[in-house]
Protein chains: 2
Amino acid sequence: MLGVRTGLPVEHCMPVVAGEMDLWRRACGRCSLQRLCLPYGLDGSDIMRLEQLVSIDNPVACGHVVFEQGDYLSALYAVRSGAMKSVIIDEDGLEQVLGFHYPGDLLGLDGMADRQHHCSALALEHSTVCRIPFERLDALLDELPSLRRQLMRLMSQALLDDEELLMSLGRKSSEGRIASLLLSLSHRRELRGLAATPVRLAMKRADLASFLRMRTETISRVLKRLQVDGIIRLDKRDVDIVDPGQLRAWAGRSAWLADQ
Amino acid sequence: MLGVRTGLPVEHCMPVVAGEMDLWRRACGRCSLQRLCLPYGLDGSDIMRLEQLVSIDNPVACGHVVFEQGDYLSALYAVRSGAMKSVIIDEDGLEQVLGFHYPGDLLGLDGMADRQHHCSALALEHSTVCRIPFERLDALLDELPSLRRQLMRLMSQALLDDEELLMSLGRKSSEGRIASLLLSLSHRRELRGLAATPVRLAMKRADLASFLRMRTETISRVLKRLQVDGIIRLDKRDVDIVDPGQLRAWAGRSAWLADQ
DNA sequence: CGTTGTTTTGACTTTATTCAAGCATGGTGG
DNA sequence: CCACCATGCTTGAATAAAGTCAAAACAACG
């Protein structure tokens, strides 16, 4: 049903649960993304209480926003299907991509400190999100220790992810950065029960460039080089990882020597 | 007392409370860093309960570690005086600096997900830290909603800080990155009630280089350029910000143009 | 089927890195 | 107390990697 509704290819419909009419409110308990998302670690009755706050928003069309930088943070969001990016627009109006987000990822965590969104989240393709009203979540956190723990785990994990990004941006050549990104996208597919290898890039080259701090031309050239070397096979936005070993070698190879 | 004990210049002794003998256990309630740290937002009796877990560790000598990458996360730490850096050592043994930390900053947040430290924290100068045993903190979080909220605020803020760093690494020329860092260090001084301008760099050039993803030679050259332009005055590790306006201009100036 | 937006390619330039010395500084032991 | 060594910092010249600009090729969409 939802699958039909969203009209997405099968791999983007992971969180769909078949059956009843009003599954909107009871989505978490049956959602296949549970273990990546807020419900992980909760027992049955706790999940039911969580479900009572969560609502599934209207689908978001490609290019449309879920929330905007500067918005009052009235809710957190979880990606349910599709793919999103988070961006910051600076004073000069330039866009910086901060991350790409897939089903199960929580959005808005960076705005909890001052109840304000510091980045915008927008869909890279037709997507759906779950809305988790913040006030009610905040109240529930004091009642359900396991929910509190899981949210903190997710925040801690987000910090870790940022560190990993910082690491790869810091030490790697442009091929290394692209290699890292491709491996990361591939790994995220595996976490969601999908095949590791044909990775579809939902974002355009300019988004990749912004995220990896390079120019679109460089992205293009590096992808080409990786293809020529027989490491990937590239067809528009579909990347087939032919030689994961060599890709990992690139990702691990530090561009610079140590200083100390 | 503590001030004498640590033998630090006055500005590094911010959290010191004068008077009684065993103030170790009652430090939070009187600590001048309260509003930057865990106790913020707690009422008197809650602070007392927090204090019961917090202990002040032995001073850490310059270059020594508080915890090491890979260690079991038995506690979080708060910087009490001095300055620290957090680093990750990768497979090849190369060190990447992830951040610099000042009194009131919480360390170890990125390891809460899997109860394991993912980076090492070491002192850049003689420093003291407060130790917050994780098990007991975790238990207390379920009892004190305001503590739970403050910890989440701090984690959210840490995410925001990472985003800001990613922004500046992404868009700025090498002068811009150094300008951003100097302004950030200066701002942190202000947050702690110190004068904005003479900023002392507790870290060596190699640390700055690793953090800002450049080479020590480049750091050297850029600092020189900023001095020649009359924006800063540099004396070894002391930086006097002569023209904050121009420094901000550099920090804000994007190195690259937008794409689309 | 033309208009628009995205991606690729090529020639050229800039910027930061690399390599190689040289200069301070601070601590140690003779 | 001073020579000496280790460490950290600076400087200069050559190099390479990635950025810029311009244009063409390609895909998508109405």
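Because the structure is a prediction, the values reported are computed rather than measured. (Residues numbered from 1 in each chain as written. Chains lettered and ligands numbered in written order. Predicted model: local features only at pLDDT ≥ 70, side-chain atom pairs only at ≥ 80, totals over all residues.)

1. Here we look at the confidence of the model for chain A
- Looking at chain A as a whole, the pLDDT averages 86, with 87% of positions reaching at least 70.
- Here residues 1–25 of chain A is modelled with pLDDT under 50, and outside its nearest four sequence neighbours on either side it reaches 37 contacts, counting other chains as well. (pLDDT = per-residue confidence, 0-100. Contact = placed C-beta atoms within 7 Å.)

2. Overview of the environment of B:Arg213
- For B:Arg213, the location among the structural elements is in the loop between helix H7 (205–212) and helix H8 (216–228).
- With 144 residues separating them along the chain, B:Arg213 and B:Gln69 place their C-alpha atoms 21 Å apart.
- The residues contacting B:Arg213, other than those within four sequence positions of it, are A:Leu169, A:Gly170 and B:Leu169. (Helix = DSSP H or I, 4+ residues; strand = E, 2+ residues; numbered from the N terminus.)

3. Details of the sheet that holds strand E10 (residues 232–235) of chain B
All names here are of chain B.
- Read from one edge of the open sheet, three strands run E9-E11-E10, paired in antiparallel fashion. Each edge of the open sheet carries a strand with a single partner, namely strand E9 (198–200) and E10. Mean inter-strand twist for the sheet, computed between neighbouring axes without regard to direction, equals 20°.
- Bridging between E9 and strand E11 (residues 238–241) involves three bridges; their strand directions are antiparallel. (Pairing = 2+ DSSP bridges. Axes fitted to C-alpha atoms, helices over the stretch in contact; angles between N-to-C directions.)

4. Overview of the interface of chain B and chain A
- Contacts between the two partners involve 42 residues from chain B and, on the opposite side, 43 residues from chain A.
- Elements that contribute at least two residues to the side of chain B that touches chain A include exactly strand E5 (95–101), helix H5 (145–171) and H7 of chain B.
- Broken down by element, the residue count for the side of chain B that touches chain A peaks at 17 residues, all from H5(B).
- Here the side of chain B that touches chain A is composed, by residue class, of 20 nonpolar, ten polar and twelve charged. (Nonpolar A, V, L, I, M, F, W, Y, C, P; charged D, E, K, R; others polar.)

5. Examining the relation of the copies chain B and chain A
- For the pair chain B and chain A, the superposition axis carries a translation of 0.0 Å, the fit reaches an RMSD of 0.0 Å, and the rotation angle comes to 180°. Those values place the two copies in the arrangement expected of a two-fold rotation axis.
- Of the interface residues in chain B, 98% have counterparts in chain A that sit at the interface too, so the contact is made through matching surfaces. (Least-squares fit on C-alpha atoms with pLDDT ≥ 70 in both.)

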